[in-house]
Amino acid sequence: MAGIEIDGITKNFGRTEVLRRVDLDIRPGEFMTLVGPSGCGKSTLLRIVAGLEMQSSGSVRIADTAVDGLRPRDRDLAMVFQSYALYPHLTVAENIAVPLRMRQLKGHQRWPLVGRLMPGTGSLESAIAAEVQSVAAMLDIGHLLERKPGQLSGGQRQRVALGRAMVRHPKAFLMDEPLSNLDAKLRVHMRAEIAQLHRRLGTTFIYVTHDQAEAMTMSDRIAVMMDGAVLQVAAPETVYNDPKDIRVAEFIGSPK
Ligand code: ADP
Ligand code: MG
């Protein structure tokens, strides 16, 4: 389990400052949600943690190590977006296995499956199949492994995307509005599933949403963002009952 420390992060796009000295300490194994209105800088902050965007100043530490110079794939994080980006021509099983195949092709030294394979206990192929099946069972898509993404519902596709993130055994999951393409009923159902997944895996999650109800129901703590700054970081009940300022109260819908 890895803690993530965000230390004095600023980000400018041209002359616009979209993040203003953001500090945020995410505890190992914590479900932290970044919540705030559209355009407040949530995705930019998440992308900086992932290494997909470079900050203008400040630093990010993962498991007590500064990662600012590291490429995304060397940060050992898994990112899940709202657009699932599954390969349409591959089966569900093959889609989930993609990160494992990439590591296999690159002869990745830190590939977790290699470490788990005992001499003479089976091939890499059977290890991949076992890993895919174990993840699919956890996500309740074990019966869909031979289908193509085009034959799946939106919720099933989102589970495949989660499975593909899980086989990497990342230090943390970064999720950017992963449910926003789903209809309202399924969204509520998937909230519970993601919260349950977090409890089972025990891995650190950073979850981004503009939906305060989503943030309130899933998170250990929430960071309320507005206009490039974090206004309050606390447990959902605390933010609701004791908002730090009027903008937080209005956004969360605290009683007057
Ligand atoms: P959120 O995810 O909270 O909706 P974003 O992090 O996507 O917010 O965006 C924060 C601000 O930064 C917005 O004003 C957005 O227009 C701006 N922004 C994001 N990405 C870029 C970019 N690549 N170039 C210029 N401005 C950007
Ligand atoms: Mg966003």
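What this report covers is the structure whose coordinates are included nearby. It should be emphasised that the depicted structure is a prediction, and the values quoted were computed from it without experimental measurement.

So, the overall build of the chain
Item 1. Along its length, the chain carries nine helices and 10 strands.
Item 2. Expected size for 256 residues packed as a compact globule is a radius of gyration near 18 Å; at 19 Å, the chain falls within 12% of this value.
Item 3. With respect to the three principal axes, the spread of C-alpha positions in the chain is 60 × 40 × 30 Å.
Item 4. Every one of the 256 residues in the chain was classed for burial, and the buried ones make up 37%.
Item 5. Counting only contacts in the chain whose residues sit at least 6 apart along the sequence, the fraction spanning at least 24 positions is 67%.

Examining the site of ligand 1
Item 1. Lining the immediate surroundings of ligand 1 are Phe-13, Val-18, Gly-36, Ser-38, Gly-39, Cys-40, Gly-41, Lys-42, Ser-43 and Thr-44.
Item 2. Residues that form the shell around ligand 1 fall into these classes: three nonpolar, six polar and one charged.

What about the sheet that holds strand β5 (residues 65–66)?
Think of a sheet as strands paired side by side through backbone hydrogen bonds, with each pair either parallel or antiparallel.
Item 1. Spatial strand order, β2-β1-β4-β5: four strands in an open sheet with antiparallel pairing. Edge positions in the open sheet fall to β2 (16–26) and β5, since each of these has one partner strand only.
Item 2. Bridge analysis of strand β1 (residues 4–13) against strand β4 (residues 57–62) gives five bridges, and the strand direction is antiparallel. Looking at the pairing, Thr-10 lines up with Ser-57 of β4.
Item 3. Contacts from helix α1 (residues 42–50) reach β1, β2 and β4 within the one sheet, and its direction differs from that of β1 by about 120°.

Observations regarding the sheet that holds strand β3 (residues 31–35)
Item 1. Strand order across the open sheet formed by six strands is β6-β7-β8-β3-β9-β10, with mixed pairing between neighbours. Two strands bound the open sheet, and with one partner strand each, they are β6 (77–80) and β10 (229–234). If you compare each strand with its neighbour and ignore which way they point, the axes differ by 15° on average.
Item 2. Relative to strand β8 (residues 204–209), β3 runs parallel, the two being bridged by five bridges. If you follow Val-35 over to β8, its bridge partner there is Thr-209.

Examining helix α4 (residues 124–138)
Item 1. Helix length check: α4 (15 residues) gives 21 Å between terminal C-alpha atoms against 21 Å at 1.5 Å per residue, within 8%.
Item 2. Those residues of α4 not exposed but buried are Glu-131, Val-132, Val-135 and Ala-136. All buried residues of α4 fall inside an arc of 130° around its axis, so they share one side. Facing away from the buried surface of α4 by more than 90 degrees, the exposed residues are Ser-126 and Ala-137.
Item 3. Looking one or two places after α4, you find Asp-140, whose phi comes out positive at around 65°.

Some details on α1
Item 1. Those residues of α1 not exposed but buried are Lys-42, Leu-45, Leu-46, Ile-48 and Val-49. Along α1, the residues classed as buried sweep out an arc of 155° about the axis, all on the same side.

Reading guide: rules and limits
Residues numbered from 1 in each chain as written. Chains lettered and ligands numbered in written order. Predicted model: local features only at pLDDT ≥ 70, side-chain atom pairs only at ≥ 80, totals over all residues. Helix = DSSP H or I, 4+ residues; strand = E, 2+ residues; numbered from the N terminus. Rg over C-alpha atoms; globule rule 2.2 N^0.38 Å. Buried ≥ 20, exposed ≤ 12 C-beta atoms within 10 Å, placed from the backbone. Contact = placed C-beta atoms within 7 Å. Near = placed C-beta within 6 Å. Nonpolar A, V, L, I, M, F, W, Y, C, P; charged D, E, K, R; others polar. Pairing = 2+ DSSP bridges. Axes fitted to C-alpha atoms, helices over the stretch in contact; angles between N-to-C directions. Expected span 1.5 Å × (residues − 1). Arc of directions from axis to C-beta.

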